[in-house]
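Coordinate inspection notes
One-letter residues, chain by chain:
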Amino acid sequence: MSTPTSQLPRPADADAPALAIEIRDVHKWYGAHRVLDGIDLTVRPGEVTVIVGPSGSGKSTLLRVINHLEKPQIGHVSLNGELIGVRRHGERLKELSERAILAQRSRIGFVFQNFNLFPHLTVLENVAAAPVATGLLRKPEAQESARTLLGRVGLADKAGAYPRQLSGGQQQRVAIARALALRPGVILFDEPTSALDPELVGEVLAVIKDLATSGTTLVIVTHEIGFAREVADRVVFMDGGRILEQGPPEQVLDRPQHPRTQEFLSKVL
Ligand code: ADP
Ligand code: MG
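By convention here, each chain's residues receive numbers from 1 onward along its written sequence. Throughout, the order in which chains and ligands are written sets their labels, letters from A for the former and numbers from 1 for the latter. This being a predicted model, a pLDDT of at least 70 is required before a residue's local features are given, and a value of 80 or more before pairs of side-chain atoms are given or counted; all residues contribute to the totals for chains, interfaces and linings. Values reported for side chains reflect all heavy atoms of the structure, with hydrogen atoms and water molecules removed beforehand.

**Some details on the nonpolar core**
What counts is decided by this rule: Residues belong to one nonpolar core when they are buried, are Ala, Val, Leu, Ile, Met, Phe, Trp, Tyr or Cys, and are joined through side-chain atoms within 4.5 Å. When accessible area is computed with a 1.4 Å probe and restricted to protein chains, residues below 20% of their type maximum are described as buried, those above 50% as exposed, and intermediate ones as partly exposed. Under the scheme used here, helices are H or I runs from DSSP no shorter than 4 residues and strands are E runs no shorter than 2 residues, and both carry numbers assigned from the N terminus. Throughout, a residue-residue contact means that at least one pair of heavy atoms, one from each residue, lies within 4.5 Å.
Leu150, Ile176, Phe189, Ile208 and Leu218 are the most contacted members of the largest nonpolar core, which totals 51 residues. In terms of residue count, helix α6 (residues 198-212) provides more of this core than any other element does, eight residues in total. Apart from the residues within four sequence positions on either side, Ile176 is in contact with Val111, Phe189, Val204, Val207, Ile208 and Leu211. If you look at the next biggest cluster of nonpolar residues, it comprises 24 residues, including Ile51, Val65, Val186 and Ile243.

**What about the site of ligand 1?**
Selection rule: Definition of nearness: a residue and a molecule or strand are near each other if at least one heavy atom of the residue lies within 4 Å of the molecule or strand. Pairing of N or O atoms within 3.5 Å defines a polar contact, subject to two protein rules: one partner must be a possible hydrogen donor and the other a possible acceptor, and residues neighboring in sequence count only if both atoms are side-chain atoms. Surface accessibility in these figures is a Shrake-Rupley result with a 1.4 Å probe; residues are shielded only by whichever protein chains are displayed.
Surveying the vicinity of ligand 1 reveals the residues Tyr30, His33, Val35, Pro54, Ser55, Gly56, Ser57, Gly58, Lys59, Ser60 and Thr61. The side chain of Lys59 places a nitrogen or oxygen atom 2.8 Å from an oxygen atom of ligand 1. Within the side chain of Thr61, a nitrogen or oxygen atom sits 2.5 Å from an oxygen atom of ligand 1. Protein burial of ligand 1: of its 570 Å² of free accessible surface, 61% is covered by the chains.

**Regarding the packing of aromatic side chains**
Aromatic rings in a pair are described by how distant their centres are and how their planes are angled relative to each other. Note the cut-off: Aromatic rings from Phe, Tyr and Trp, taking only the six-membered ring of Trp, are treated as a pair when their centres fall within 6.5 Å; an angle between ring planes under 30 degrees marks them as stacked, one over 60 as edge-to-face, and anything in between as tilted. Remark: a charge is flagged as sitting over a ring if the NZ atom of Lys or the CZ atom of Arg is within 6 Å of the ring centre and within 35 degrees of the ring normal.
A complete count under the given rule lists two aromatic pairs for this structure. Ring geometry for Phe110 against Phe112: centres 4.5 Å apart, planes inclined by 10 degrees, an arrangement best described as stacked. Residue classification places Phe112 among the partly exposed residues on the basis of a relative accessible area of 29%. Aromatic side chains Phe237 and Phe264 sit 5.4 Å apart centroid to centroid with 45 degrees between the ring planes, which places their arrangement in the tilted category. Linking Phe237 in strand β11 (residues 234-239) with Phe264 in helix α9 (residues 259-268), this pair joins segments that are 27 residues apart in sequence. The residues Phe237 and Phe264 share a single accessibility class, namely buried. In this structure, Arg178 is placed above the aromatic ring of Phe118, and the distance from its NZ or CZ to the ring centre is 5.3 Å.

**Quick look at helix α5 (residues 168-181)**
Selection criterion: The span expected for a helix works out to 1.5 Å for each residue beyond the first.
Between its first and last C-alpha, α5 extends 20 Å over 14 residues, near the 20 Å set by a 1.5 Å rise per residue. Most of α5 sits inside the fold, with 14 of its 14 residues counted as buried. Arg183 lies just past α5 and shows a positive phi near 50 degrees.

**Concerning the environment of Asn126**
Examined against the element boundaries, Asn126 turns out to sit in helix α3 (residues 123-133). Sequence separation between Asn126 and Gly31 is 95 residues, and the spatial gap between their C-alpha atoms is 37 Å. Here Leu121 takes part through its backbone oxygen, which lies 3.1 Å from a polar atom of the side chain of Asn126.

Structural data, given as structure tokens:
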């Protein structure tokens, strides 16, 4: 008789099961300022979604809502059918416990524009810390897994270095390895190459592209339109807290329908 796989410990370097995200009618405002104004978005497991749009259009806020860092006033988000929003049109939905929220957040990797590595920890410790802290792995296994992940992002030889000794591109690759260490079902990237010198952008995009082809669910905010065309299953154009247009890259990027999308692309291309 076979044991259900969900009850077996997963090897540290296994690809986590991809996660589906459903965002329904999400509204988020600060005072009178509507930052998200009725967002509907479905991300299928294994799909690569690239979000583009002008500064201030709500892209980072949307990622933060998916990761529970912000709560929408209206609307809901669900991960694999598990609801994480609280209300829909004033109706109260079940409020998740802090513990359930933390459990969901641990299934979501987040890679920031400014890397956010721990400066006082080595590269290896940066990658191994969270799996130990969350009880996912014991220290020797976490370090073994961290070495494997560092190899995957091309930094096997930097395990003992400190973040300040690395280039921005290397630091961002460590941040990606760190996100992978918790075996997330989805990884959110918020402008992962915006803080990098132009000659370092390619090495980071190459690592993300490797993830994109390995079946991890990815949501990527970026201004790298050429990259979006290469890796995206779907491109989403946001402006003023709304999704104005979405579809396959050849549709949204090459034949945009909305005047705002056309205007935006003419500026960034
Ligand atoms: P983007 O990532 O597309 O540049 P953001 O989601 O960061 O956009 O921000 C959208 C809008 O929301 C901006 O006008 C920003 O100033 C505002 N905003 C974001 N976070 C806050 C906050 N915590 N308090 C008030 N306004 C905010
Ligand atoms: Mg942003």
